[in-house]
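Structure assessment
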2 protein chains.
Amino acid sequence: MTGYEIHQGIEASIGHFWSESYGQIYPVLKDLEAAGLVTADAAASGRGRKFTITEAGRVELRQLLVGLGDPPPPRNTLLLQLFFGRELGPEWCRARIAEARAQAEEQLTHFDALAAEVAAEVGYEEQQVYWSSTIAFGRAMAAALIAWADEVTPTFGVD
Amino acid sequence: MTGYEIHQGIEASIGHFWSESYGQIYPVLKDLEAAGLVTADAAASGRGRKFTITEAGRVELRQLLVGLGDPPPPRNTLLLQLFFGRELGPEWCRARIAEARAQAEEQLTHFDALAAEVAAEVGYEEQQVYWSSTIAFGRAMAAALIAWADEVTPTFGVD
DNA sequence: TCCGTCATGTAAATGGTTACATGATTCG
DNA sequence: CGAATCATGTAACCATTTACATGACGGA
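So, here is what we can say about the structure in this document. Residue indices follow the written sequence of each chain, beginning from 1 at its first position. To read the labels, note that chains go from A and ligands from 1, taken in the order they are written. Given that this is a predicted model, residues contribute local features only at a pLDDT of at least 70 and side-chain atom pairs are listed and counted only at 80 or more, while totals for whole chains, interfaces and linings are drawn from all residues. Note that water and hydrogens are dropped before the side-chain values are worked out from all heavy atoms of the structure.

Some details on the overall build of chain A
Basically, it comes down to this: Labels follow the DSSP assignment, with helices taken as runs of H or I lasting at least four residues and strands as runs of E lasting at least two, numbered in each case from the N terminus. As defined in this context, the radius of gyration uses C-alpha atoms, and a globule is described by 2.2 Å times the residue total to the power 0.38. For the exposure calls, accessible area comes from a 1.4 Å probe over protein chains only, and a residue counts as buried if that area is under 20% of its type's maximum, exposed if over 50%, partly exposed in between. Any pair of residues with heavy atoms lying within 4.5 Å of one another is described as a contacting pair. The Shrake-Rupley method, run with a 1.4 Å probe sphere, supplies the accessible areas, and residue values consider only the shown protein chains as cover.
Check the secondary structure of chain A and you find seven helices and two strands. Each helix and strand of chain A, placed in order from N terminus to C terminus, yields the pattern α-α-β-β-α-α-α-α-α. Relative to the 2.2 N^0.38 estimate, which gives 15 Å for 159 residues, the radius of gyration of chain A is 21 Å and therefore markedly larger than a compact globule would have. Here the C-alpha coordinates of chain A stretch approximately 65 × 35 × 30 Å along the principal axes. Of all 159 residues assigned to chain A, the portion counted as buried reaches 38%. The long-range share in chain A, meaning contacts at least 24 apart out of those at least 6 apart in sequence, stands at 47%. Summed over all atoms, the accessible surface of chain A reaches about 8900 Å², with 57% contributed by carbon and sulfur.

Here's the deal with the environment of T77 of chain A
By the secondary structure assignment, T77 of chain A is in helix α4 (residues 77–83). Considered as a pair, T77 of chain A and L32 of chain A are 45 residues apart in the sequence and their alpha carbons are 35 Å apart. In this structure, T77 of chain A is in contact with R96 of chain A together with W18, L68, G69 and P71 of chain B, ignoring residues within four places of it in sequence.

A closer look at the packing of helix α1 (residues 3–12) of chain B against helix α2 (residues 22–34) of chain B
Residue and element names in this part refer to chain B. Filter applied, for reference: Between the N-to-C directions of two axes lies an angle of 0 to 180 degrees, each axis being a line fitted to C-alpha atoms and, for a helix, fitted only over the stretch in contact. Orientation labels follow simple angle bins: below 35 degrees gives roughly parallel, above 145 gives roughly antiparallel, 65 to 115 gives roughly perpendicular, and whatever is left gives oblique. In this scheme the crossing of two helices becomes right-handed for a clockwise turn of the near helix relative to the far one and left-handed for an anticlockwise turn of less than a right angle. Residue classes follow a fixed rule: Ala, Val, Leu, Ile, Met, Phe, Trp, Tyr, Cys and Pro count as nonpolar, while Asp, Glu, Lys and Arg count as charged, and any other residue, Gly among them, counts as polar.
Here α1 crosses α2 at 135 degrees, and the two axes come no closer than 10 Å. One way to sum up the angle between α1 and α2 is to call them oblique. Note that α1 runs across α2; the crossing there is right-handed. Where α1 approaches α2, its residues G3, Y4, I6, H7 and Q8 are matched on the opposing element by Y22, I25, Y26 and L29. The residue inventory of the contact of α1 with α2, partitioned by class, reads six nonpolar, three polar and no charged.

Overview of the protein's contact with DNA strand C
Note the cut-off: Here a residue is considered near a molecule or strand provided that any single heavy atom belonging to it is located within 4 Å of it. N or O atoms within 3.5 Å of each other form a polar contact, as long as, within protein, one can give a hydrogen and the other can take it, and as long as residues adjacent in sequence are counted only when both atoms are side-chain atoms.
For DNA strand C, the set of nearby residues contains 17 residues, the closest of which are Y4, Y26, R49 and R75 of chain A together with S21 of chain B. Considering the 4 Å shell around the protein, atoms of DNA strand C inside it are sugar or phosphate in 72% of instances. Contact between DNA strand C and R75 of chain A: a phosphate oxygen at 3.0 Å from a side-chain N or O atom of the residue. Residue S21 of chain B places a side-chain N or O atom 2.6 Å away from a phosphate oxygen belonging to DNA strand C. Contributions of two or more residues to the surface near DNA strand C are made by α1 (3–12) and α2 (22–34) of chain A together with α2 of chain B. Here the surface near DNA strand C is built from residues that sort into three nonpolar, eight polar and six charged.

Some remarks on the protein's contact with DNA strand D
Close to DNA strand D lie 18 residues; S21 and Q24 of chain A together with Y4, Y26 and R49 of chain B are nearest. For DNA strand D, the fraction of atoms within 4 Å of the protein that belong to sugar or phosphate moieties is 71%. Contact between DNA strand D and R75 of chain B: a phosphate oxygen at 3.0 Å from a side-chain N or O atom of the residue. Those elements giving two or more residues to the surface near DNA strand D turn out to be α2 of chain A together with α1 and α2 of chain B. Considering only residue class, the surface near DNA strand D consists of three nonpolar, nine polar and six charged.

Considerations on the environment of R86 of chain B
Along the chain, R86 of chain B turns up in helix α5 (residues 85–88). The contacts of R86 of chain B, once residues within four sequence positions are left out, are E126, Q127 and Y130 of chain A.

Remarks on the relation of the copies chain A and chain B
Applicable threshold: The copies were overlaid by least squares, fitting only the C-alpha atoms of residues that reach a pLDDT of 70 or more in each copy.
Superposing chain A onto chain B requires a rotation of 180 degrees together with a translation of 0.0 Å along the rotation axis, leaving an RMSD of 0.0 Å. Put plainly, the chains are arranged around a two-fold axis. When the interface residues of chain A are mapped onto chain B, 100% of them again lie at the interface, so the same face is used by both copies.

Rendered as structure tokens:
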């Protein structure tokens with residue numbers, strides 16, 4: 001894939017759980033090439049350079065994945081707002097929760113569409129279990145948010 | 001509160017959804033004081049400086065909370081590992097999911113304890129709705145993760 | 001021809017953590 | 001007395017985003 005395609009690919013697949021910017025992708029691609037972890041060929045279509053992971057790269061990838069440390073410290077803006085909800089009032093909080101709920105609803109349909117796509121794909125049978133469970137995770141979290149919203153919304157009295 | 005107490009307080013309350021390091025807290029406390037958004041008094045107990053938010057600070061806080069933009073791009077290590085699960089094998093993935101599940105189980109009991117604490121607290125009735133729903137969110141997410149883990153674990157065949 | 005997409009990159013700023021240094025106080 | 005905790009701060013480092021600059025190619 002080209003650097004561009006990598007970016008597009010991330011957005012389209014695990015975009016909900018991970019992200020990388022071009023400012024990140026291109027420099028590391030250069031480093032990876034220098035380290036022999038990927039090789040680059042001029043794309044058949046002429047423009048761009050297609051990168052392919054090498055065996056050494058695959059080994060490195062495995063190590064990297066296994067050794068992945070703790071995720072970065074949490075930064076949940078919705079929860080921070082809710083925690084200081086008294087400053088903002090119940091009305092505002094209810095609206096904010098409704099907004100988050102609507103977003104989760106959208107995600108839910110998006111994940112369902114993704115799941116159908118993955119299930120229909122041929123030639124990637126070995127991957128399906130992994131991708132499906134990734135998508136199922138997103139689905140589960142979105143559904144849980146919706147349920148939570150419905151549960152707590154009534155507890156906010158009127159102003 | 002002193003800077004130290006602020007840090008401890010964050011850890012103990014919304015620690016699961018937000019975090020700040022000392023390297024962040026002390027410098028901004030200084031800036032806030034200079035801007036008149038907090039005032040500082042020598043603590044009664046002698047050591048440390050207790051900070052109190054001013055009215056101007058409260059106004060600023062409200063604006064800040066309302067204007068909070070999108071959360072930082074996602075970085076879910078578990079999901080990244082799962083996405084590349086084929087590289088790591090079903091055995092490894094199942095173990096990783098079990099680990100996450102166990103952690104969620106711990107969180108669940110932790111949140112329950114927190115909820116009981118909050119409910120028992122007197123003098124903060126106005127806050128309870130907000131804190132309770134914050135805790136309920138954590139509970140809901142942890143529970144959803146457990147349910148998800150139980151759902152997907154059997155789909156991973158043996159090596 | 002011109003617009004949108006494909007494609008590559010860089011520079012600066014940012015936001016934040018980590019590690020370290022320092023010392024007072026309390027409690028066993 | 002010594003250890004743990006309370007308490008404050010700084011410097012270095014870091015990963016990352018943002019904004020920008022550039023240009024080729026395909027199709028309307």
